[in-house]
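Chain and residue survey
Each chain, written out:
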Amino acid sequence: MLRPFYFLLLTLGITQLSACAQSASDKPAAVPLAVRAGQPLPWLDSLLATSPILRQHQVGMSLAYADSTRPFYGYQEAKYFTPASNMKLFSLYAGLHILTDSLPSLRYFSRRDTLFFQGTGDPTLLHGDVPSRRAFSFLLNRPEHTLAYCDIATVAPFGPGWTWDDYGYYFQAERTAFPIYGNTVRFYATPPAPVRHGGVAAVRPGLVPQSRIRVLPRYFALLVAPAPADLRTPGLDADTHIIRALHENRFYVLPTARRWVDETPFMTSRGLMLRLLGDTLRRATSSAIWRPRPGQDSIRTLHGLRVDSLYRRMLRVSDNFLAEQLLLMCSTKIGYRDSLSTGRVIRYARKSLLSTLSDPVLWVDGSGLSRLNLVTPRTLTGLLLKLHQEVPERRLLSLLAAGGGQGTLRKRYHDATGPWVWGKTGTLSNNLNVCGYLRTKSGRLLAFTFMNNNHVVESGPMRNEVERVLRQVRERL
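Residues numbered from 1 in each chain as written. Predicted model: local features only at pLDDT ≥ 70, side-chain atom pairs only at ≥ 80, totals over all residues. Heavy atoms only, no water.

**Focus: the overall build of the protein chain**
Note the following rule: Helix numbering and strand numbering both begin at the N terminus, where a helix is a DSSP run of H or I of at least 4 residues and a strand a DSSP run of E of at least 2. To sort residues, take the accessible area from a 1.4 Å probe on protein chains only and compare it with the maximum for the residue type: under 20% means buried, over 50% means exposed, and anything in between is partly exposed. Any two residues whose heavy atoms approach within 4.5 Å are treated as being in contact. Shrake-Rupley sampling with a 1.4 Å probe provides the accessible areas, and residues are treated as covered by the protein chains on show and by no other component.
Looking only at helices and strands, one finds 11 helices and 21 strands in the protein chain. Looking at the protein chain as a whole, 48% of its 477 residues are labelled buried. The contacts in the protein chain between residues at least 6 apart in sequence include a share of 69% that link residues at least 24 apart. Split by element, the accessible area of the protein chain, about 23600 Å² in all, is 54% carbon and sulfur.

**What about the environment of Val391?**
Tracing the backbone shows Val391 in the loop between α9 (377–390) and α10 (393–399). Remark: the alpha-carbon pair of Val391 and Leu96, spanning 295 residues in sequence, is separated by 9.0 Å. Residues in contact with Val391, not counting those within four places in the same chain, are Leu96 and Leu396.

**What to know about empty space enclosed by the protein**
Quick reminder of the rule: Grid points spaced at 1 Å over the protein atoms alone were grouped into cavities, where a 1.4 Å probe fits but cannot get out, and pockets, open sets with protein on both sides within 12 Å along at least five of seven lines, with lining residues defined by an atom within 4 Å of a point. Grid points are joined across faces, edges and corners, and a volume is the space filled by probe spheres set on the points.
Tallying each qualifying case throughout the model produces one cavity of 30 Å³ or more. Considering only enclosed or pocket space, the largest cavity measures out at about 50 Å³ in volume.

**Examining helix α6 (residues 307–316)**
The following threshold applies: Relevant arc is that of directions from the helix axis to the C-beta atoms, nothing else.
Every buried residue of α6 is listed here: Val307, Asp308, Leu310, Tyr311, Met314 and Leu315. Along the long axis of α6, the arc covered by the buried residues comes to 160°, so they all point the same way. Buried residues along α6 sit in contact with α3 (88–98), β3 (102–111), β16 (300–306), α7 (320–331), α10 and β19 (421–428). The positive-phi residue at the C-terminal boundary of α6 is Ser318, with phi of around 60°.

**Side note on the sheet that holds strand β15 (residues 285–288)**
We apply this condition: Any two strands with at least two DSSP-identified bridges between them are counted as paired. Between the N-to-C directions of two axes lies an angle of 0 to 180 degrees, each axis being a line fitted to C-alpha atoms and, for a helix, fitted only over the stretch in contact.
A sheet is described by the order of its strands in space; here five strands give the open sequence β15-β5-β4-β3-β16, paired in mixed fashion. Bordering the open sheet on either side are β15 and β16, each of which pairs with just one other strand. Across the sheet, the axes of successive neighbouring strands diverge by a mean angle of 35°, strand direction being ignored. On top of the sheet, helix α5 (residues 270–281) reaches β4 (114–119), β5 (146–150) and β15; it is set at about 145° to β15, its chief contact.

**Structural notes on the layout of surface pockets**
Test applied: Note on residue classes: Ala, Val, Leu, Ile, Met, Phe, Trp, Tyr, Cys and Pro are nonpolar, Asp, Glu, Lys and Arg are charged, and everything else, Gly too, is polar.
One number sums up the size of the second largest pocket: a volume of about 360 Å³. Tyr181, Pro217, Arg218, Tyr219 and Thr280 are, among the 14 residues lining the second largest pocket, the residues nearest its centre. Of all elements in the fold, only β7 (184–190) and α5 reach the threshold of two or more residues within the lining of the second largest pocket. Each residue belonging to the lining of the second largest pocket can be placed in one class, and the counts come to seven nonpolar, three polar and four charged.

**Some points on the packing of aromatic side chains**
Heads up, the rule is: Here a Phe, Tyr or Trp ring, Trp counted by its six-membered ring, pairs with any other such ring whose centre lies within 6.5 Å, and the pair is stacked when the planes are under 30 degrees apart, edge-to-face when over 60, and tilted otherwise. Only lysine NZ and arginine CZ atoms are considered, and such an atom sits over a ring when it is within 6 Å of the ring centre and within 35 degrees of the ring normal.
All told, the structure shown has 16 aromatic pairs when counted by the stated rule. Put simply, the rings of Phe187, Tyr219, Phe220, Phe251 and Phe266 pair up and form one aromatic cluster. The ring of Tyr188 has Arg214 lying over it, and the distance from NZ or CZ to the ring centre is 4.5 Å.

**Topic: α9**
Going by this rule: Helix span, expected: 1.5 Å multiplied by one less than the number of residues in the helix.
Compared with the 20 Å implied by 1.5 Å per residue over 14 residues, the 20 Å span of α9 between its first and last C-alpha is a close match. Buried within α9 we find Pro377, Thr379, Leu380, Thr381, Gly382, Leu383, Leu384, Leu385, Lys386, Leu387 and His388. At its buried positions, α9 is contacted by β1 (58–65), α3, α8 (342–353), α10, β20 (431–439) and β21 (445–453).

**Digging into the confidence of the model for the protein chain**
Defined as follows: pLDDT is a per-residue confidence score from the predictor, ranging from 0 to 100.
In this model, the protein chain carries an average pLDDT of 89, and 88% of its residues clear a pLDDT of 70 or more. Here residues 1–31 is a poorly scored stretch, pLDDT under 50, and it has two contacts once near neighbours within four places are set aside; other chains count. Here residues 200–207 is a poorly scored stretch, pLDDT under 50, and it has nine contacts once near neighbours within four places are set aside; other chains count.

**A word on the sheet that holds β21**
Reading across from one edge, β2-β1-β21-β20-β19-β18 is the order of the six strands in this open sheet, with antiparallel pairing throughout. A single partner strand is all that each edge strand has here, and the edge strands are β2 (73–75) and β18 (401–402). Pairing geometry for β18 and β19, over two bridges, is antiparallel. Bridge assignment links Ala401 to a residue of β19, and that residue is Gly423.

Here it is, written out as structure tokens:
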């Protein structure tokens, strides 16, 4: 009586085994095993060592799984490189640990009919890209009869190792305690209106066509003039529209009939800042000495924009001015508050925040404009790992440029499925670096650093080669 039952069980067992075997054969390929630290990657070594574009200059790379504690791959990872704007990630890390969730806009105290206020380095007052009206509205609506600005000792307008002849470019605005309008002048040019003769549009014969110029802030409009012949020196960049005099706020426009927008730093001073602030507020603003009376004058800090508004702009488009001012704001939170000191923040961050990184960081400014900054690829990757451990991933990636999306990576690393690279570029003449996070085809998130110093090929082919290598990393890991 039991034999048919056993036969049925045997038949079912064979059927199940067959089904399992068939199911196993239909499964997709297994996800690649994680690479162990120190495990060689010959294919990647070969890519970096034999590339005709990469083999003529200094190349360094470091890779780590974003949820790990140390890199698993390195190529010249212990050598020092000029990081350029990759240094902004160190400034970000300092800001995340030192500032609260909003920027300190100014410090102040009130005595009788006078408001005494002092700068904290906040760059957002009437800034063209990250504007804040918090300090503006605060000063505008104060009931005191007199607004008195008080100086505070601040670092030099230019950082150590900055290129002197970049003073007229938008990316090298001066550092100050109380910036206004981003310490730059904005110029908006529109093509000249043609003169009509007999119903036919034409430009006046014998005249060089000149765009019509709108200047903001308007205070500088009277300081703008056509460029004289002696300023049109050979070798001027084709995209140069404005030339500023070296030691004064006079701006000269090169002749053109095209539409353009340009931004040029102005020479800062306390007197100019007070005039610009007074013109904007339409309130008299004077200067005074910061002398609060202990126990009598209550010193307060006005807070402005949320910090991520500044971080996002600073990192995505690599804004040097915002990065420099960020460290000045950080300096109001540590040590004595009698000065705004970049060096004080750097010393604090290196000792208290970054002591566990692989190699010491040679760090002199907030933006990476200086070639005196030096860092190893494995140290930069270590910083990326710390950021990933301490900042929610979604927030962290949203602050960075994204391949095919926004910021300095928007024109590269395209993919139909969406961004797969989030990072920070670092570019100076003959130096092209990129670091950040990369999502592989297997779904893993990698922290990567890819540094190229002293390259002699054009930047276009260099960027193509960097992308080619990172795409291989994406495919194979």
